[in-house]
Amino acid sequence: MFSIGDLSRRAGVKVPTIRYYEQMGLISAPDRTEGNQRRYEKSDLERLTFIRHARDLGFPIEAIRELLSLSGHPEEPCERADHIAREQLDDVRAKIARLKKLEAELARIVSHADCHTVGDCYVIRALSDHGLCGHEH
C-alpha cells in the first residue's frame, strides 16, 4: 500500500494531479485509513503510470479514459486502440506542421533584425502589421 506522497514519487505525478485524476474518474478513489489517509495499491500505481505516459504522449483525457476502458478487456480486438493512437499521431503531425510554419515565419522576421532602434525594428512592425508576414500561420 502506498500513501499519496509515495504514489506521487513512484509515478512521477504531482499530488494535485493524482487528486484531479480521481475527480475525473481516471483512477478510483482509494481506500482510506482510520486516520482518513489515502492508501493506494500496486494496480493504482500501474494505472497512474499508464495515464502519465499517455499524457506525456499528448493523449487527451477522453482518449486516455477510452484506452483505460479498453485495457480492461484484453480479449477484445485492438482496432479501437490503434485508431485512437493514429488520431493522436495525426494531431501531433498537424501540430508539427503548424510549428514549422511558425518557425519559418519567425526566422524570416528575425532575418530582418538589423536595425538599431525600436522605432526601426522590423520585429515590432511585423507584429503590428500581419500583412508583413510572408504567409498565413
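Here the residue numbers are simple positions, counted from 1 along each chain's written sequence. The model is predicted, so local features are restricted to residues of pLDDT at least 70 and side-chain atom pairs to those at 80 or more, both for listing and for counting; the totals for chains, interfaces and linings are taken over all residues. Neither water nor hydrogens contribute to the side-chain values; these are computed over all heavy atoms in the structure.

Where an unreviewed UniProt entry is consulted, the protein chain appears under the name Transcriptional regulator, with the organism given as Agrobacterium albertimagni AOL15.

1. Regarding the environment of Leu 45
Per the convention used, a helix needs a DSSP run of H or I reaching at least four residues, while a strand needs a run of E reaching at least two, with both numbered from the N terminus. Structurally, Leu 45 is set in helix 3 (residues 42-56). Taking the C-alpha atoms as reference points, Leu 45 and Phe 2, 43 residues apart in sequence, are found 8.6 Å from one another. In what follows, residue pairs with any heavy atoms lying within 4.5 Å of each other are defined as contacts. The residues touching Leu 45, leaving out its near neighbours within four places in the chain, are Phe 2, Leu 7, Arg 10 and Ala 11.

2. Points about the environment of Leu 106
Tracing the sequence through the fold places Leu 106 in helix 5 (residues 79-111). Residues Leu 106 and Cys 133, 27 residues apart in the sequence, show an inter-C-alpha distance of 9.2 Å.

3. A few points about a nonpolar patch on the surface
A cluster of nonpolar side chains, namely Leu 99, Leu 102 and Leu 106, defines an oily patch on the protein surface of about 290 Å² accessible area. Relative to the helices and strands, Leu 102 resides in helix 5. The buried label goes to any residue with under 20% of its type's maximum accessible area, the exposed label to any with over 50%, and the partly exposed label to all in between, with areas taken from a 1.4 Å probe on protein chains only. By relative accessible area, Leu 102 is classed as partly exposed at 36%. Each patch groups residues whose relative accessible area exceeds 30% and which form no salt bridge, using 9 Å between like charges and 5 Å between nonpolar side chains of Val, Leu, Ile, Met, Phe, Trp and Tyr. We get accessible surface area from the Shrake-Rupley algorithm with a probe of 1.4 Å; when it comes to residues, only the shown protein chains can shield them. Here, a salt bridge means any side-chain nitrogen of Lys or Arg that lies within 4 Å of a carboxyl oxygen of Asp or Glu.

4. Looking at the UniProt feature "domain: HTH merR-type" (unreviewed entry) in the protein chain
UniProt positions are given in the numbering used here, feature names are shortened, and annotations may be inferred rather than shown by experiment. Following the UniProt record, one finds the feature "domain: HTH merR-type" (unreviewed entry) at residues 1-70. When the span residues 1-70 is considered, its composition is 61% helix and 6% strand, and the gap between its end C-alpha atoms is 26 Å.

5. Quick notes on the nonpolar core
The definition of a nonpolar core used throughout is a set of buried Ala, Val, Leu, Ile, Met, Phe, Trp, Tyr and Cys residues joined through side-chain atoms within 4.5 Å. If you look at the biggest cluster of nonpolar residues, it comprises 21 residues, and the most contacted ones within it are Ile 18 and Tyr 21. Of all the secondary structure elements, the ones that give two or more residues to this core are helix 1 (4-11), helix 2 (15-24), helix 3 and helix 4 (61-71).

6. Structural notes on the pattern of salt bridges
In total, this model carries 7 salt bridges according to the counting rule given. Residue Glu 22 is joined to Arg 38 by a salt bridge in which the shortest nitrogen-to-oxygen separation is 3.2 Å. On the criterion of sequence distance, the pair formed by Glu 22 in helix 2 and Arg 38 in strand 2 (residues 38-39) is long-range, its members being 16 residues apart. Both residues of the pair, Glu 22 and Arg 38, count as buried.

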